Amino acid sequence: MSKDEGMTIFEKIIRREIPAEIVWEDDDVLAFRDVNPQAPVHVLIVPKRVIARLGEAKEEDGPLLGKLLLAAGKVAEKLDLLKSGYRVVVNSGPDAGESVPHLHLHVLGKRALAWPPG
């Protein structure tokens, strides 16, 4: 198996091997539009260093986890979601709808979102 075969789609997007509509980026985090949006605004925010899922994060991952949430706020501001509101979602594991084993946040907005979800 080649090195690329074991990579997730998010790793390939981070490496610019697969195109994505990037909306925000810094040294540690990348935010891009979801190709299957569930709201008029649907952005995925991924750490550039792989953490498979939230339950596998370690104590030393704390600063990176914080950066993901800060990035969600920056993305929401950039995409004019602050006034109307937005939702940040983490799906962890198959029952939660996780489809890529690379921790990521969903930022959803520009429509009313029901509660409870699912």
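Residues numbered from 1 in each chain as written. Predicted model: local features only at pLDDT ≥ 70, side-chain atom pairs only at ≥ 80, totals over all residues. Heavy atoms only, no water.

Q: What am I meant to see in the overall build of the chain here?
A: On a plain count of helices and strands, the chain comes out with two helices and five strands. The order of helices and strands in the chain, counted from the N terminus, is α-β-β-β-α-β-β. Over its C-alpha atoms the chain spans a radius of gyration of 14 Å, differing by no more than 12% from the 13 Å that the globule rule assigns to 118 residues. If you line up the chain on its principal axes, its C-alpha atoms span 45 × 30 × 30 Å. Counting across all 118 residues of the chain, residues that qualify as buried make up 37%. Here the chain displays about 7200 Å² of accessible surface, and carbon together with sulfur accounts for 54% of that area. Computing the positive centroid from 16 side-chain charges and the negative centroid from 18, the chain places the two 5 Å apart. (Helix = DSSP H or I, 4+ residues; strand = E, 2+ residues; numbered from the N terminus. Rg over C-alpha atoms; globule rule 2.2 N^0.38 Å. Buried < 20%, exposed > 50% of the residue type's maximum accessible area, 1.4 Å probe, protein only. Areas by Shrake-Rupley, 256 points an atom, 1.4 Å probe, with all protein chains shown as cover. Lys, Arg positive; Asp, Glu negative; His and termini not counted. Charge placed at Lys NZ, Arg CZ, Asp CG, Glu CD.)

Q: Help me understand the pattern of salt bridges, please; the structure alone is not making it clear to me.
A: Any two side chains of opposite charge can pair if their charged atoms end up close together. Applying the stated criterion across every chain, the model contains 10 salt bridges. Residues R16 and E25 are paired through a salt bridge, measuring 2.7 Å at the closest nitrogen-oxygen approach. A salt bridge links E25 to K48; the nearest nitrogen and oxygen atoms lie 2.7 Å apart. Of this pair, E25 sits in strand β1 (residues 22-25) while K48 sits in the loop between β3 (41-47) and α2 (62-78), and the two are 23 residues apart along the sequence. A network of salt bridges, in which partner residues are shared, links R16, E25 and K48. (Salt bridge = Lys/Arg side-chain N within 4 Å of Asp/Glu carboxyl O.)

Q: How should I be thinking about the side chain of D34 in this particular structure?
A: Summarising the element assignment, D34 is placed in the loop between β2 (29-33) and β3. One buried charged residue, D34, remains without a salt bridge, the closest side chain of opposite sign being R33 at 11 Å. At 2.6 Å, the side chain of D34 and the backbone nitrogen of N36 are in polar contact. When residues no more than four places from it in sequence are discounted, the contact partners of D34 are H42, V43, L44 and H106. (Polar contact = N/O pair within 3.5 Å; in protein donor to acceptor, adjacent residues only side chain to side chain. Contact = heavy atoms within 4.5 Å.)

Q: What's the story with the nonpolar core in this structure? I'm lost.
A: One recurring pattern in soluble globular proteins is that nonpolar side chains are buried together. By size, the foremost hydrophobic cluster in this structure holds 19 residues, and its most contacted members are W24, V29, A31, V43, I45 and V75. Sorting the residues of this core by element identifies β1, β2, β3, α2 and β5 (105-109) as the ones contributing at least two each. When residues in this core are grouped by element, the largest group, six residues, is from α2. Residues contacting V43, with those up to four places away along its chain left out, are V23, A31, F32, R33, D34, V75, L79, L105, H106 and V107. Counting eight residues, the second-largest nonpolar core is a separate cluster that includes F10, I13, I14 and F32. (Core = buried A, V, L, I, M, F, W, Y, C linked by side-chain atoms within 4.5 Å.)

Q: Sorry if this is basic, but what is going on with the pairing of β5 here?
A: Side-chain direction in a regular strand flips from residue to residue, so the side chains alternate between the two faces of the sheet. The buried count for β5 comes to five of five residues, which makes it a mostly enclosed element. Here β5 shows a buried face lined by L105, V107 and G109 and a second buried face lined by H106 and L108. As judged from the four bridges shared by strand β4 (residues 86-89) and β5, these two strands associate in the antiparallel manner. If you follow V88 over to β5, its bridge partner there is V107. (Pairing = 2+ DSSP bridges.)

Note that all results are geometric; they support no functional claim without further evidence.
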